[in-house]
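What follows is the residue order along each chain.
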Amino acid sequence: MVVIIVFIFLLPFQLIYGLSEDKGLVMGVWNNASFITTLGIPNSNLVQFNNFRFNLSPVQTRITSIAAGPERSLYFSAERGIYEISNYSIWNNESFTISPVYRGKSNWVGQIAVDVLSNNIYWCDGLLNWIAMKPLSVTNATTSLTYRVLIDRDLHQPEGLALDPHDGLMFFSENYPRCRIERASMSGNNRTVLLYSGLIRVMSLSLDTEDKRVFWADYERHTVETCGYDGSDRRVLRRMNGVPITGLQFYENVVHGVSPARRTVVGIDANTGDVVYDSVIPMGDPYAVTVFDAAVNTSIIDPCSLIQCQQICVNTPSGPTCLCGEGFLLEADGLSCKVRTWFHDKGLIINNATMFYMLDTRFINGQGGRVPYMVTSSIISTFTVNAHSRLIYFADAKTNSLYELNLFTHRYRLVTSTAPAADLTYDWMTNSLVWIEPDHSSIRTFSLVLGQISTIYSNLQQPTALTVDAQNGYIFWISRASSAILRGSRDRKSPHVVLPSLTSPRHLYYDVSSQRLFWLENGMFIKSCLINGADVKSHVIAFNATNIFVYKDYLGWLNGNQIHFAKQTSVASEVLFNIFATPKEVVVFDPILQSNLQGTCQILNGGCDDICIPTGEGRECKCDAGSQLQSDSTTCSTNVKPDDFLVVTDFSHDRILQIDMITGEMSRLPLTVKKCTGLSLDQASRELLYSDQTLKTIQSFSLLTKNTTVLYTTGFYFAERMAVDASTGHLYFTALSTLSNSSYIGVIHQTLRVHRTLIPNLQTPRAIALYPSKGVLFWTEIGPLPGIGRAYMDGTSREYIVSRDILVPNGLAIDYEANRIYWTDGEKNQIESSDIDGGNRQVLTSDPGALMMDIVVNGQFLFYTAWNRQSVTKINKTTGLNGPFMADNPELGRLDSLDIFADDFLDVNKACSDGEGQCSTFCFPTPSGGICGCQDNVSLLPNNKTCVGAPRCTSDLTGLDLLDCEPSAGLSCRFQCQPGLTLTLNTTLICTPGGQWNVNPDTLCAGYTTRAQ
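Quick summary incoming for the structure in this document.

The rules behind these values
Numbers given for residues are sequential positions, taken from 1 along each chain in its written order. The predicted nature of this model means local features are confined to residues of pLDDT at least 70 and side-chain atom pairs, given and counted, to a pLDDT of 80 or more, with totals for whole chains, interfaces and linings taken over all residues. Side-chain metrics in this entry use all non-hydrogen atoms of the structure; hydrogen atoms and water are not considered. Numbering of helices and strands runs from the N terminus, with a helix taken as a DSSP run of H or I at least four residues long and a strand as a DSSP run of E at least two residues long. Note on contacts: a residue pair is in contact if any heavy atoms of the two residues lie within 4.5 Å. The method behind every accessible area is Shrake-Rupley, applied with a 1.4 Å probe, and residues are considered shielded solely by the protein chains displayed. Positive charges are assigned to Lys and Arg, negative charges to Asp and Glu, while His and the chain termini are left out of the count. By convention, the point assigned to a charge is CZ for Arg, NZ for Lys, CD for Glu and CG for Asp. Pairs of strands are assigned from DSSP output, requiring at least two bridges between the strands. Between N-to-C directions, angles span 0 to 180 degrees; the directions come from axes that are lines fitted to C-alpha atoms, helices contributing only their stretch in contact. Between rings of Phe, Tyr and Trp, where Trp is taken as its six-membered ring, a pair exists when centres lie within 6.5 Å; planes separated by under 30 degrees are stacked, by over 60 edge-to-face, and by other angles tilted. Note on exposure labels: buried denotes an accessible area under 20% of the residue type's maximum, exposed denotes more than 50%, and partly exposed covers the range between, all computed with a 1.4 Å probe on protein chains only. Placement of a positive charge over a ring is assigned whenever Lys NZ or Arg CZ falls within 6 Å of the ring centre and within 35 degrees of the normal to the ring plane. Put simply, a salt bridge is a Lys or Arg side-chain nitrogen that is within 4 Å of an Asp or Glu carboxyl oxygen. Nonpolar cores are built from buried Ala, Val, Leu, Ile, Met, Phe, Trp, Tyr and Cys residues. Side-chain atoms within 4.5 Å join them into one set. By convention in this document, the label disulfide applies to cysteine sulfur atom pairs within 2.5 Å. Each patch is built from residues that are more than 30% exposed by relative accessible area and take part in no salt bridge. Like charges join if they lie within 9 Å; nonpolar side chains (Val, Leu, Ile, Met, Phe, Trp, Tyr) join within 5 Å. For this analysis, a polar contact is any N or O atom pair within 3.5 Å, provided that within protein one partner can donate a hydrogen and the other can accept it, and provided that sequence-adjacent residues contribute only side-chain to side-chain pairs.

Attention now goes to the overall build of the chain. Per the secondary structure count, the chain includes 1 helix and 88 strands. Residue pairs in contact within the chain that sit at least 24 positions apart in sequence constitute 46% of those at least 6 positions apart. For the chain, the accessible surface area stands at approximately 39900 Å², while carbon and sulfur atoms represent 49% of it. Computed over 76 positive and 95 negative side-chain charges, the inter-centroid distance for the chain is 5 Å.

With respect to topology, 4 strands assemble into an open sheet ordered β46-β47-β48-β49, the strand pairing being antiparallel. Looking at the sheet topology across the chains shown, the edges are occupied by β46 (505-511) and β49 (537-541). Direction aside, neighbouring strands of the sheet carry axes that sit 25° apart on average.

This part is about the packing of aromatic side chains. As enumerated under the stated definition, the model contains 28 aromatic pairs in all. A centroid spacing of 6.2 Å and a plane angle of 20° characterise the contact between Y393 and Y426, whose relative ring orientation is stacked. Of this pair, Y393 sits in strand β35 (residues 391-396) while Y426 is found in strand β38 (residues 422-427), placing the two residues 33 residues apart along the sequence. Y426 carries the same exposure label as Y393, and that label is buried. Measuring from centroid to centroid gives 6.1 Å for F549 and F565, while their planes differ by 75°, and the two rings are edge-to-face. Of this pair, F549 sits in strand β50 (residues 547-551) while F565 is found in strand β52 (residues 562-567), placing the two residues 16 residues apart along the sequence. You'll find F549 and F565 in the same group, each marked buried. One aromatic cluster in this structure is built from F356, F383, F394, Y403 and Y412. Over the ring of Y219 we find R201, and its NZ or CZ is 5.8 Å from the ring centre.

Turning our eyes to something else, we now look at the pattern of salt bridges. Applying the stated rule across the entire model yields 39 salt bridges. With a shortest N-O distance of 2.8 Å, E182 and R180 are connected by a salt bridge. Note on E182: relative accessible area 1%, which makes it buried. D624 is the partner of R655 in a salt bridge, and the nearest nitrogen-oxygen pair spans 2.9 Å. With a gap of 31 residues between them, R655 in strand β60 (residues 655-660) and D624 in the loop between β56 (618-622) and β57 (628-629) connect regions that are remote in the sequence. Across the pair, D624 and R655 agree in class, each one buried. One salt-bridge network, held together by shared partners, links R178, D610, D624, D650, R655 and R668.

Right, let's talk about the pairing of β49 for a bit. One ladder, built from 3 bridges, connects strand β48 (residues 525-530) with β49; its direction is antiparallel. Its bridge partner lying in β49, K527 is registered against S538.

Core analysis: the largest hydrophobic core is formed by 77 residues, its most contacted members being I121, L433, I485, I526, I563 and F565. In this structure, I485 is in contact with W477, I478, H496, V497, V498, L499, L502, L508, L517 and W519, ignoring residues within four places of it in sequence. Core analysis: the next-biggest nonpolar cluster, separate from the first, contains 18 residues, Y732, I759, L770 and L777 among them.

On inspection of all chains with the given rule, the structure shows 11 disulfides. The disulfide partner of C608 is C621, and the gap between their sulfur atoms is 1.9 Å. Disulfide C608-C621: the torsion about the S-S bond is -80°, which places it as left-handed. Taken together, the positions of C608 in the loop between β54 (585-589) and β55 (611-615) and C621 in strand β56 put the pair 13 residues apart, joining distant regions of the chain. Two residues, C912 and C923, share a disulfide whose sulfurs are 2.0 Å apart. Between C912 and C923 the disulfide shows an S-S torsion of about -75°. By sign, it is left-handed. Residue C912 is found in helix α1 (residues 910-913), and its partner C923 is found in strand β82 (residues 922-926); the two are separated by 11 residues along the sequence. Considering cysteine sulfurs only, C179 is the nearest to C124, which forms no disulfide, with 12 Å between them.

A few words on the pairing of strand β16 (residues 180-185). Extensive coverage of β16 is indicated by the burial of 5 of its 6 residues. Pairing analysis gives 6 bridges linking strand β15 (residues 169-174) to β16, with the strands arranged antiparallel. Directly across from M170, in β16, lies its bridge partner A184. A loop of 5 residues connects β15 with β16, the two strands running antiparallel in sequence. Inspection of the sheet shows β16 paired to strand β17 (residues 192-195) by 3 bridges, in the antiparallel sense. Within β17, the residue paired with R183 across the bridge is T192. Once β16 ends, the chain turns through 6 residues before running back antiparallel as β17, passing G188 with a positive phi of about 90°.

A word on the sheet that holds β17. Sheet architecture is open: 4 strands sit in the order β14-β15-β16-β17, paired in antiparallel fashion. The strands lining the two open edges of the sheet, one partner per strand, are β14 (158-164) and β17. Put simply, the sheet's adjacent strands are angled 25° from each other on average, direction ignored.

In this section: the environment of A465. As for its placement among the helices and strands, A465 is situated in strand β42 (residues 463-469). When its relative accessible area of 7% is taken as the criterion, A465 is described as buried. When sequence neighbours within four positions are dropped, the list of residues in contact with A465 reads D423, I436, F476, W477, I478, H507 and L508.

With that out of the way, let us pick up the environment of E665. Along the chain, E665 falls in the loop between β60 and β61 (666-668). Using a relative accessible area of 57% as the deciding quantity, one classes E665 as exposed. In the structure, E665 is positioned 39 residues away from G626 in sequence and 8.5 Å away in space, judged by C-alpha atoms.

Before going further, it helps to spend a moment on a negative patch on the surface. A cluster of acidic residues, D643, D644, E817, D903 and D904, forms a negative patch at the surface. Within the secondary structure layout, D903 lies in the loop between β81 (895-901) and α1.

Another point: a nonpolar patch on the surface. A cluster of nonpolar side chains, contributed by F525, I541 and F543, occupies part of the molecular surface with about 260 Å² of accessible area. Here F525 lies in strand β48. Overall, the relative accessible area of 30% leaves F525 in the partly exposed class.

Tracing the backbone through its elements, the reader meets D847 in the loop between β77 (842-846) and β78 (852-858). Within polar-contact distance, the side chain of D847 engages the side chain of R869 at 2.7 Å. Leave out the neighbours within four places in its chain, and D847 touches N829, M852, Y864 and R869.

As a further point, take unusual backbone geometry. The amide bond that connects Y176 to the next residue, P177, takes the cis arrangement and shows omega of -5°. Looking at the element boundaries, P177 is found in the loop between β15 and β16.

Turning to its location among the elements, S106 is positioned in the loop between β9 (99-103) and β10 (112-115). On the accessibility criterion, S106 (1% relative accessible area) is buried. Here the alpha-carbon distance between S106 and P505, two residues 399 residues apart in the chain, equals 30 Å. Aside from chain neighbours lying at most four places away, what touches S106 is E79, D125, L127, L128, N365 and Y554. In terms of polar contacts, S106 uses its side chain to reach the side chain of Y554, at 2.6 Å.

In this structure, S204 sits in strand β18 (residues 202-208). Its relative accessible area of 1% is what places S204 among the buried residues. Engagement of the side chain of S204 in a polar contact is seen with the side chain of Q111, the distance being 3.4 Å. Those residues in contact with S204 that lie beyond four places of it in its chain are Q111, G160, F215, W216, A217, T246, G247 and L248.

Given below as structure tokens:
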């Protein structure tokens, strides 16, 4: 790669910094690949500044991380490598050359970090799922290829990385399946989980090595946060709503961050969280940032200079430690390194008829290298490996025997004689070999412990493509006769079909990392499924593949004399190499993938109900915010309160929280939500109604039974906010669409599950509040014409009562006692109130920087949420003063919708609350009483009560008379027995949605013979 200085930009950024020092921010740009450099460190928004931009070639290169090193060096990660710019200067204005430091890193985001004390570089590989390092200095005992994997156990998608070389500590993040932040020594030992809750995707870490604090950016939470080196004193420094940060750097009490999505660079005060500067970069997408300071003191004595390590030295909390690169072992003197074996420590072993070859894992990412091989005198028909013991087992077609090849000694050992074998596989849990004998259509096994051979299955239908799930004792194969994938077990349980009738399936492979089955279908498509056949996925297209395999997050296959590699998320080959002639099979060689995972987080989440934390001894179960670990040390539970509580949506973490109105204590409701913005409590039925933005549904959760049901599917819209009419139980909601002026306000009949559009063609409605006794509803709009609207509850008489001096009205509530409305303004960060006609406006309080959201009223108090507050705030509705309530909780995400359940006054419309106003479908409160209505596209009959086609129960009843009741579906009816008859059951007649009475009316009054309903 060559860096070319294009020209010096003079940009209208309002920043100020030093002018003569050789220091500044260096930002790596994602698209087009380039560096953007500030002259000096930004510290305010006051003046313009000059900017150097260095374009990279090719422009498709994506810079994912950047770090300053010692001796005026600068390092960056791009595509599949790490590169160095030597003798760097902020003022440099001439072309210079970039040198490769390491090639073979996955093409994925992940930080690099420089050990400026001992001159090493570290990096995260988010697809190979490890943290590795290498020395930057090449000596007689090291080469440019020397590197070492430090951490690869219990690690998936590491991305954030930061070093404290003086204390010998490394901090890193893992982002799948649950995000956590860990600490380890710089040798990779003594791992400790610092944080595991309230994180989503931590892409960047940085350290204050003087005050011993960790800073990180959570890409999904849109936060910059901090804690101590031990994980204590966690604080949300700044919530950057709508600004996902990918790169972070602490320097002189300011945390600098970049966001490619917003093309911004921002500085945040490390103590107060205040914004120091915030600027847009219009010429590219800044993805990574570092501070380059040529005057940084590097004269501190390197502890590694005190010992003579042969290959690698790192400082640790206990002092300098020697390490060896991949393929080497540390000698007993603790200084020297010796070759482990001629083959690599991990990689891919490939065979042809007479030889074994091995490719290092760097081949997967396009970096070729040394290819060790071994020649045999056998005809190799199939083989497998024991990676821990560094053994190859293979079937010799010459002698019909199984042999063992020791990679340490290069010696062969006869294991057993057998019939011609295919698909040899190693079961490391039982230390046994499993294979297919095609001539007998059988699956056989040999115990390497007992030295005995036995048959697992016989008389199968043309079995082929054998693979094993050693952890669970499952055996999988393809039946060529039926084109199906079957599953058996090592204990010989009857086989059953996993997937039937596939199209020419071949080359089955079980991947221990994802616990999925992969196969080639129809000669070109690589597909996968869970071991029970569920969740079938299509992956890459692999034309004419002859063998497939999976390594970590990569897929690979053979095609003639070529080997191909691609990410599992890709659609076609990304890397290919021409290898030796007539390759036959590829076997993954990595000890970490042949480990006993029982009792770890990798098997069924370690048996944990919620969060599983890996430990040196196995695992430890933890619970998310709002849940408590039970005495069994695995189960998490929450105490659902029956009354006097608030409910609030945590949009970031897909959860709904219940908060005690008295103590402010928090519990997580036991339900599954996805991107929930709106909720409402139906106090009559004790049900929580909430929206699901992902599924486009409104769902109902019973506080009594804990059951969840889908109430309504909103199609192309999603319900933003909602409110229940206590008179009828009908659910009113604001529905948002991505199309201009197509959002609306609608209502749902909870019993009949029918819908009516009340107010169409709105721009961006948000909050909604109901005043049934007055027959009106209120809503807010936050679009280009913000305001507060009012209409009758049937959608008529629409008007705007507040339209001036209002910016972003996010929340709305009604004080029925005072006959006033309250609203939050997320731009002005104020709570205001007015009469219900919009007059007599008053500002109650302000909360600068809060980004206020929803609001509810309860007696003398208001409660509100704010995106930039990690709690619900309680204030006095008269004075506006805060009251003690809920402690700040940094584990909480973006708090949106809010509602309250209290033994309090419920506002109802009498005309509609009594038997739904005798309406067959909807009774809508109005200022003059109530009016009947129907679902969309259905009309009322001339009686103005019954909708066309509405189900009705029979009114021809024997022995009783209905009292003021239209027997329509969903309505309840009072009745009385006819003269001379007595009541046998004290109940209410309800006409069900199907048009049937809930009980047989003929049994309610004694004296008549029961007849069929």
